[in-house]
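One letter stands for each residue in the lines below.
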Amino acid sequence: MIKVKGTAKLFPPDEDVEVPILARFADYLSPEVRAVTVDDQGLISEVSKDPKEEDLFFIGYLPFSTTESLHDCRIIQYSKLQELDRLGPGVDLSSYFDESGIPQQVAFKFNPIGKPRRLQMAWDELNILKSLPSHPNILPFDRVVLEDVESRVIGFTTKYIPSGTLDKSKLPFRFEWLRQLTQLVDFLNLDLGIMHQDIAARNLLIDPDTQKILLFDFNWATYRKRNLLDGRNDVTSVVFTLYELITGDTHFTSIPHWDRNRDMVQNISEWICNRELDSDVSTFRNFLNEWVTTGRSGDDMERYLNAPNQLVLPDLTTSPDLSVPYKAGILTDGEMSWATGPRMRRNAMEMGQYVFRWERPPQSRLRKSENGQISRGER
């Protein structure tokens with residue numbers, strides 16, 4: 001990923017703001033760009049192609065042979081995926097031919113960011129998704145994606161639903177979809193001990209074949225107390241999501257999750273309806289309030305932590321690449337200092353370690369062929 005430089009005003013501690021900043025301009029930047037400087041409004045003021053500017057963390061993607069938890073998954077090589085579109089940062093619309101020669105369209109999700117928290121999130125999401133039992137309201141997991149040189153795990157695919165997320169769709173919202181969503185949250189939280197932590201209209205789809213609501217994007221999902229975050233309770237998220245879907249009011253999404261309380265919207269006396277519904281607003285609100293107050297209160301956290309069918313999920317192992325010594329610098333006596341552990345990508349390349357590179361042409365340079373597919377060109 002391109003290095004982003006700016007003032008402390010734009011980069012608060014412990015927050016990843018580089019991705020949304022780069023997402024605005026990625027289509028206009030050359031693959032040779034190593035760093036950009038942005039002003040306090042997040043606008044690019046300077047571009048650099050100097051290789052010395054690169055400060056990307058090296059990602060030692062795990063060899064598939066070492067990921068025992070994934071050995072029961074179907075796999076596909078990265079080279080077999082045809083890029084059709086880019087749906088967002090770290091998510092492509094892709095296609096491939098399955099073992100029967102039938103073309104399949106999928107969403108390909110990957111993590112190009114070497115920060116420890118992002119690596120943990122990507123590992124947890126992959127293992128949670130492949131371990132979840134089949135459910136009519138969860139977007140189905142498809143395959144593990146391996147790079148072609150050393151068969152390392154670089155991402156996964158899920159079924160692709162072309163209908164668009166509910167924050168963009170103008171579909172009339174059905175009462176049965178609220179009921180399905182609350183039942184799904186109860187199942188995840190109280191039966192499996194999984195907290196999604198990012199339920200929002202942007203992570204909900206309607207399956208055009210089944211006409212059921214689908215939840216996806218489990219990258220913030222957690223189990224037990226590991227990475228359990230204040231304010232990301234799934235019940236609270238459902239409350240805010242329903243309010244947004246009915247009213248079209250999105251200003252609560254700009255409030256940090258740790259500062260949000262479900263009473264902010266539940267105590268609003270009238271929800272002004274700006275979407276077609278199949279039932280009165282009061283029907284939705286009465287059901288929601290009853291679910292929150294009678295079904296999901298009191299000992300909710302204890303029930304979550306003691307869910308009867310908790311998934312057994314593996315810890316993220318340290319990549320064997322990080323045990324290889326690298327040149328860390330020159331000591332005061334002129335001797336070379338060697339180190340192991342996390343390193344920059346340039347350090348790994350200097351030591352001859354295999355580095356999988358995500359650089360590719362901007363989306364604007366992808367060529368559309370006569371059959372409507374997009375050629376990714378040179379990687």
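Residues numbered from 1 in each chain as written. Predicted model: local features only at pLDDT ≥ 70, side-chain atom pairs only at ≥ 80, totals over all residues. Heavy atoms only, no water.

**Focus: the packing of aromatic side chains**
Within the structure shown, the criterion is met by 16 aromatic pairs. Both rings, one in Tyr 78 and one in Phe 108, keep their centres 5.9 Å apart while their planes meet at 45°; by these two values the pair is tilted. In this pair, Tyr 78 sits in the loop between β4 (75-77) and β5 (82-88) while Phe 108 sits in strand β7 (residues 103-110), placing the two residues 30 residues apart along the sequence. For Phe 108, a relative accessible area of 1% translates into the label buried. Relative to Trp 358, the ring of Phe 356 lies with its centre 4.8 Å away and its plane at 80°, an arrangement referred to as edge-to-face. Residue Phe 356 shares its accessibility class with Trp 358, and that shared class is buried. Counting every residue linked through ring pairs, the aromatic cluster contains Tyr 61, Tyr 78, Phe 108, Phe 110, Phe 356 and Trp 358. In this structure, Arg 232 packs its charged tip against the face of Trp 220, placed 4.2 Å from the ring centre. Above the ring of Phe 240, the side-chain terminus of Arg 260 is found at 4.2 Å from the ring centroid. (Phe/Tyr/Trp six-rings, centres within 6.5 Å; stacked < 30°, edge-to-face > 60°. Helix = DSSP H or I, 4+ residues; strand = E, 2+ residues; numbered from the N terminus. Buried < 20%, exposed > 50% of the residue type's maximum accessible area, 1.4 Å probe, protein only. Lys NZ or Arg CZ within 6 Å of the ring centre and 35° of its normal.)

**Comments concerning the environment of Gly 42**
Here Gly 42 lies in the loop between β2 (35-38) and β3 (44-48). Using a relative accessible area of 2% as the deciding quantity, one classes Gly 42 as buried.

**What to know about the sheet that holds β3**
The sheet built from three strands is open, its strands ordered β1-β2-β3 with mixed pairing. Looking at which strands have only one partner, the edges of the open sheet turn out to be β1 (3-5) and β3. The mean angle between the axes of side-by-side strands here comes to 20°, regardless of whether they run parallel or antiparallel. One ladder, built from three bridges, connects β1 with β2; its direction is parallel. When the bridges of β2 are listed, Val 4 appears paired with Val 36. (Pairing = 2+ DSSP bridges. Axes fitted to C-alpha atoms, helices over the stretch in contact; angles between N-to-C directions.)

**Remarks on the sheet that holds strand β8 (residues 141-146)**
Strand order across the open sheet formed by six strands is β4-β8-β9-β7-β6-β5, with mixed pairing between neighbours. Each edge of the open sheet is held by one strand with a lone partner, namely β4 and β5. Going from strand to strand, the sheet's axes swing by 35° on average, the running direction of each strand aside. The pairing of β4 with β8 spans three bridges and is parallel.

**Examining the pattern of salt bridges**
Applying the stated rule across the entire model yields 20 salt bridges. For the salt bridge of Arg 86 with Glu 83, the shortest nitrogen-to-oxygen distance reads 2.5 Å. With respect to class, Arg 86 is no different from Glu 83; both count as buried. With its nearest N and O atoms 3.7 Å apart, the salt bridge here joins Asp 300 to Arg 303. Residue Asp 300 and its partner Arg 303 are both found in helix α7 (residues 300-305); the two are separated by three residues, about one turn of the helix. Residue Asp 300 is classed as buried on the basis of its relative accessible area, which comes to 12%. Take Arg 303: its relative accessible area is 33%, and that puts it in the partly exposed class. (Salt bridge = Lys/Arg side-chain N within 4 Å of Asp/Glu carboxyl O.)

**What to know about the layout of surface pockets**
Its volume calculated, the second largest pocket comes out at about 220 Å³. Of the residues that constitute the lining of the second largest pocket, the class distribution is four nonpolar, five polar and five charged. (1 Å grid on protein atoms, 1.4 Å probe; cavity = no way out; pocket = protein on both sides within 12 Å on 5 of 7 lines; lining within 4 Å. Points joined across faces, edges and corners; volume = space filled by probe spheres on them. Nonpolar A, V, L, I, M, F, W, Y, C, P; charged D, E, K, R; others polar.)

**Some thoughts on unusual backbone geometry**
A positive phi angle, near 60°, is found at Asp 217, a position not held by glycine. By the element assignment, Asp 217 lies in the loop between β12 (213-215) and β13 (222-223).

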